[in-house]
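Results of the structural survey
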Amino acid sequence: MSPSTPASHPEGTAGGSTTSRRRRRGPRTWLAALPLLAFTGLCFGIPLGAIAFGAVTRTDPSSGATRLTGEHLSRSLQGPYLDSLIGSVQLSALTALIGGVLGVLIAQAVVTSRSQALRSAALTASGVLANFGGVPLAFAFIATVGISGVVTQLADLTGFGWNLYSFTGLTVVYLYFLIPLMVLVIAPALDGLRPQWREAAQNNGATGRQFWRHVGLPVLAPSLLGGFVLLFGTAFAAHATAAALVGGSVPLVTLKIADALSGNVLTGQENVALALGLDMILIAGLVMAVYLPLQRRSARWLR
């Protein structure tokens, strides 16, 4: 027997056993995921199918016959419906950008702080504020900086042109929960920046600005872009706060869907509302298609 045989035999055996273990583990993994897949299909797949079916079909009220049509999708991309989609995209992009920048600055201050109590308090408050929205948030702002709000009367904000029930006012309200959300998203990524990287850059004569330009920002770029996409999706899907605050004065797609379903403007527009919902799902799908790969790429750097 050649000397290489004993050495190669255990290696081949180990490789074969590892491959066989992976092959045996595959079906079990799928079986363990079946409950989650069933839950996802039941809670998301069926509503998505119903929305898509209603968006591309029309039922004749007299005969009850159903036929395919692109009329609803076409109408959802015209006139006031298109304006509402554009308004939602503009509001979401603006609030995501401002919230992302301010959230990163606050998270950096918290992460670099030596006070553990400040860090715990800031992250706990961010977790609470990021989930505070809807009608209670709208009422809090109305009572504080509305037309007859306490702060509005004391500081005479109306004299400066302040109007809570406008695009600008809605932007400020959205930032209330988007900034804390960005803090929660970006703080772990900032923690992942190893001190050794900064020390190595300083030992090589790099300044703080050069470190952030060539090391810090490239490493954090996936997390920053992912946070922006997450904030955009959160603002794009928000409804209750805008409905309680501005009603129909600001064109938003979620408000148009509610009006179409309730028949506030025109009756028989339920299928158009479903088409608008399908448009939102497509935009949200594109957002998540960008967000998930960015998060995986960031995780590889910050382990």
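What you see is a predicted model; the values in this text were computed from it and never measured.

1. Focus on the overall build of the protein
Regarding its fold elements, the protein presents twelve helices and two strands. Ordered by position from the N terminus, the helices and strands of the protein form the series α-β-β-α-α-α-α-α-α-α-α-α-α-α. Counting across all 303 residues of the protein, residues that qualify as buried make up 31%. Carbon and sulfur atoms provide 66% of the accessible area of the protein, an area that totals close to 17,800 Å².

2. Describing the pattern of salt bridges
The tally for this structure, following the rule as stated, stands at three salt bridges. Where Glu-71 meets Arg-58, a salt bridge forms, and the shortest distance between an N and an O atom there is 2.8 Å. Of this pair, Glu-71 sits in helix α2 (residues 71-76) while Arg-58 sits in strand β1 (residues 57-59), and the two are 13 residues apart along the sequence. The exposure class assigned to Glu-71 is partly exposed, which follows from its relative accessible area of 29%.

3. Some details on unusual backbone geometry
Non-glycine residue Asp-156 carries a positive phi angle of around 50°. Along the polypeptide, Asp-156 turns up in the loop between α6 (150-155) and α7 (167-191). Owing to a relative accessible area of 43%, Asp-156 belongs among the partly exposed residues under this scheme.

4. A word on helix α4 (residues 116-129)
When the terminal C-alpha atoms of α4 are compared, their 20 Å separation across 14 residues agrees well with the 20 Å that a helix rising 1.5 Å per residue should span. Those residues of α4 not exposed but buried are Arg-119, Ala-122 and Ser-126. The buried residues of α4 occupy one face: seen down the axis, they fall within an arc of 70°. Of the exposed residues in α4, the ones pointing more than 90 degrees away from its buried face are Gln-116, Ala-117, Thr-124 and Val-128. Buried residues along α4 sit against α3 (79-112) and α7.

5. Observations regarding the packing of aromatic side chains
For the structure on display, the rule yields four aromatic pairs. Consider the rings of Phe-232 and Phe-236, whose centres lie 5.9 Å apart with planes at 10°: the pair is stacked. Highlighted residues: Phe-232 and Phe-236, both in helix α9 (residues 208-237), separated by four residues, approximately one helical turn. Phe-236 sits in the buried class, given a relative accessible area of 4%. Chaining the aromatic ring pairs together yields one cluster made of Phe-132, Phe-141 and Tyr-176.

6. Some thoughts on the nonpolar core
With 48 residues, the main nonpolar core has Leu-170, Tyr-174 and Leu-252 as its most contacted residues. Only α3, α5 (134-145), α7, α9, α10 (240-245), α11 (253-262) and α12 (270-301) provide two or more residues apiece to this core. Counting residues per element, this core draws most heavily on α7, which supplies twelve residues. Among residues more than four places away in sequence, those in contact with Leu-252 are Ser-84, Gly-87, Ser-88, Leu-91, Leu-170, Tyr-174 and Ala-242.

7. Focus: the UniProt feature "transmembrane region" (unreviewed entry) in the protein
Mapped onto the present numbering, the UniProt feature "transmembrane region" (unreviewed entry) falls on residues 30-53, 85-107, 128-151, 171-190, 219-252 and 272-294. The annotated region residues 219-252 carries 74% helix and 0% strand content, and the separation between its end C-alpha atoms amounts to 35 Å.

8. Points about the side chain of Thr-57
For Thr-57, the location among the structural elements is in strand β1. Under the relative-accessibility criterion, Thr-57 is labelled buried at 4%. Within polar-contact distance, the side chain of Thr-57 engages the backbone oxygen of Phe-53 at 2.5 Å. Residues in contact with Thr-57, not counting those within four places in the same chain, are Thr-66, Arg-67, Leu-68, Thr-69, His-72 and Asn-271.

9. Digging into the packing of helix α8 (residues 195-203) against α9
Helix-helix packing is characterised by the crossing angle of the two axes and by the distance between the axes. The interhelical angle for the contact between α8 and α9, taken along N-to-C directions, is 160°, at an axis separation of 11 Å. Here α8 is positioned roughly antiparallel relative to α9, judged by the angle of their axes. The handedness of the crossing between α8 and α9 is right-handed. Residue-level contacts link Trp-197, Arg-198 and Ala-201 of α8 to Phe-211, Trp-212, Val-215 and Val-219 of α9. Residue classes in the contact of α8 with α9 are distributed as six nonpolar, no polar and one charged.

10. A closer look at a nonpolar patch on the surface
Together, Leu-94, Leu-97, Ile-98, Val-101, Leu-102, Leu-105, Ile-106 and Phe-228 give the surface a local cluster of nonpolar side chains, amounting to about 650 Å² of exposed area. For the nonpolar patch, the element with the highest residue contribution is α3, accounting for seven residues. Summarising the element assignment, Leu-94 is placed in helix α3.

11. Some thoughts on the confidence of the model for the protein
Scored by pLDDT, the protein comes out at a mean of 81, with 85% of its residues at no less than 70. Per-element averaging of pLDDT across the protein places helix α1 (residues 4-55) at the bottom with 67 and α3 at the top with 92.

About the cut-offs
- Residues numbered from 1 in each chain as written.
- Predicted model: local features only at pLDDT ≥ 70, side-chain atom pairs only at ≥ 80, totals over all residues.
- Heavy atoms only, no water.
- Helix = DSSP H or I, 4+ residues; strand = E, 2+ residues; numbered from the N terminus.
- Buried < 20%, exposed > 50% of the residue type's maximum accessible area, 1.4 Å probe, protein only.
- Areas by Shrake-Rupley, 256 points an atom, 1.4 Å probe, with all protein chains shown as cover.
- Salt bridge = Lys/Arg side-chain N within 4 Å of Asp/Glu carboxyl O.
- Expected span 1.5 Å × (residues − 1).
- Arc of directions from axis to C-beta.
- Contact = heavy atoms within 4.5 Å.
- Phe/Tyr/Trp six-rings, centres within 6.5 Å; stacked < 30°, edge-to-face > 60°.
- Core = buried A, V, L, I, M, F, W, Y, C linked by side-chain atoms within 4.5 Å.
- UniProt positions renumbered as here; feature names shortened; annotations may be inferred.
- Polar contact = N/O pair within 3.5 Å; in protein donor to acceptor, adjacent residues only side chain to side chain.
- Axes fitted to C-alpha atoms, helices over the stretch in contact; angles between N-to-C directions.
- Parallel < 35°, antiparallel > 145°, perpendicular 65-115°, else oblique.
- Left-handed = near helix turned anticlockwise from the far one by under 90°.
- Nonpolar A, V, L, I, M, F, W, Y, C, P; charged D, E, K, R; others polar.
- Patch = residues over 30% accessible without salt bridge, like charges linked within 9 Å, V, L, I, M, F, W, Y side chains within 5 Å.
- pLDDT = per-residue confidence, 0-100.

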